[in-house]
Amino acid sequence: MQPDSSVVIAVLALVGALVLLRFQAWRAVLCLRPQAVKVEVETPADVTVVPAELEDALAELKKLGFTLLGAHSEKVPLAPARNFLDAVLPGQPVVASLTLGPDEQAQLVFFTQSARGFVITANYRRLSYEVPGVYLAGGLDGASPERVLKAHLRRVPEIGTPKVLATLEDRVGAARDWYSRSGKPELRQQHAVGLLWTLGAVGMVGAALVRLLA
């Protein structure tokens, strides 16, 4: 007996929808509740293990005068945690964070906080988002750490007197503040498409289940 073609279609639709949810649901969370991201201290500098893929990038930062603070993690619900190496530049209100990107290449972000907001500058293609005097974010794709740092420091005065993030706990606190405050509009703009895909996938799951259980 041949299976009902509509049942086969429903099964395929269900599988496809579940795959979509696997890859897009975390983006929906970021769009709707950026503050749900858990940011935690992982290890201080003296016990931090530097992944081989980040050794060269960290060495370049050290040539610029940065010293390692340690490592922290950021966990979006429904997605794996991402680990970051954090380094500070003595005498300057900037923290550098390194992580592995989707292509297993080092991604670098310079991060500065003030009472008004943040300046964030990356060495990869990043959505530009600006609120004059409050929030400045962008990226210089493929630029050297030195060039990105210079561009970052030029913009720091635009957000007022910056804070000195001298410890790993300071860095983690600033990241939590970013997710719960200044980063919300940027994350919602960046992940709105993921929310739409997720809603579509949920609708597909519902329609497929109705057909299968009918």
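Residues numbered from 1 in each chain as written. Predicted model: local features only at pLDDT ≥ 70, side-chain atom pairs only at ≥ 80, totals over all residues. Heavy atoms only, no water.

Student: Help me out: how do you make sense of the sheet that holds strand S3 (residues 82-88) in this one?
Tutor: Across a sheet, strands are paired by hydrogen bonds formed along the backbone, either parallel or antiparallel in direction. One open sheet accounts for eight strands, arranged S1-S2-S3-S4-S5-S6-S8-S7; its pairing is mixed. With one partner strand each, in any of the chains shown, strand S1 (38-44) and strand S7 (129-131) form the two edges of the open sheet. Ignoring which end each strand starts from, the neighbouring axes of this sheet average 20° apart. As defined by bridge partners, strand S5 (residues 106-113) adjoins strand S6 (residues 118-122) across five bridges and the pair is classed as antiparallel. Across the sheet, Phe 111 pairs through a bridge with Ile 120, a residue of S6. In this fold helix H3 (residues 145-155) packs onto S5, S6, S7 and strand S8 (135-139), with an angle of close to 20° to the strand it touches most, S5. (Pairing = 2+ DSSP bridges. Helix = DSSP H or I, 4+ residues; strand = E, 2+ residues; numbered from the N terminus. Axes fitted to C-alpha atoms, helices over the stretch in contact; angles between N-to-C directions. Contact = heavy atoms within 4.5 Å.)

Student: So what exactly am I meant to see when it comes to unusual backbone geometry here?
Tutor: With the exception of glycine, most residues fall at negative phi, and the peptide bonds are largely trans. With phi around 75°, Leu 78 is a residue other than glycine that occupies positive phi space. You can see Leu 78 is positioned in the loop between strand S2 (67-75) and S3. A residue is classified by how much of its surface remains accessible, and Leu 78, at 57% relative accessible area, is exposed. A positive phi angle, near 65°, is found at Glu 104, a position not held by glycine. Accessibility expressed as a relative area gives 46% for Glu 104, which makes it partly exposed. (Buried < 20%, exposed > 50% of the residue type's maximum accessible area, 1.4 Å probe, protein only.)

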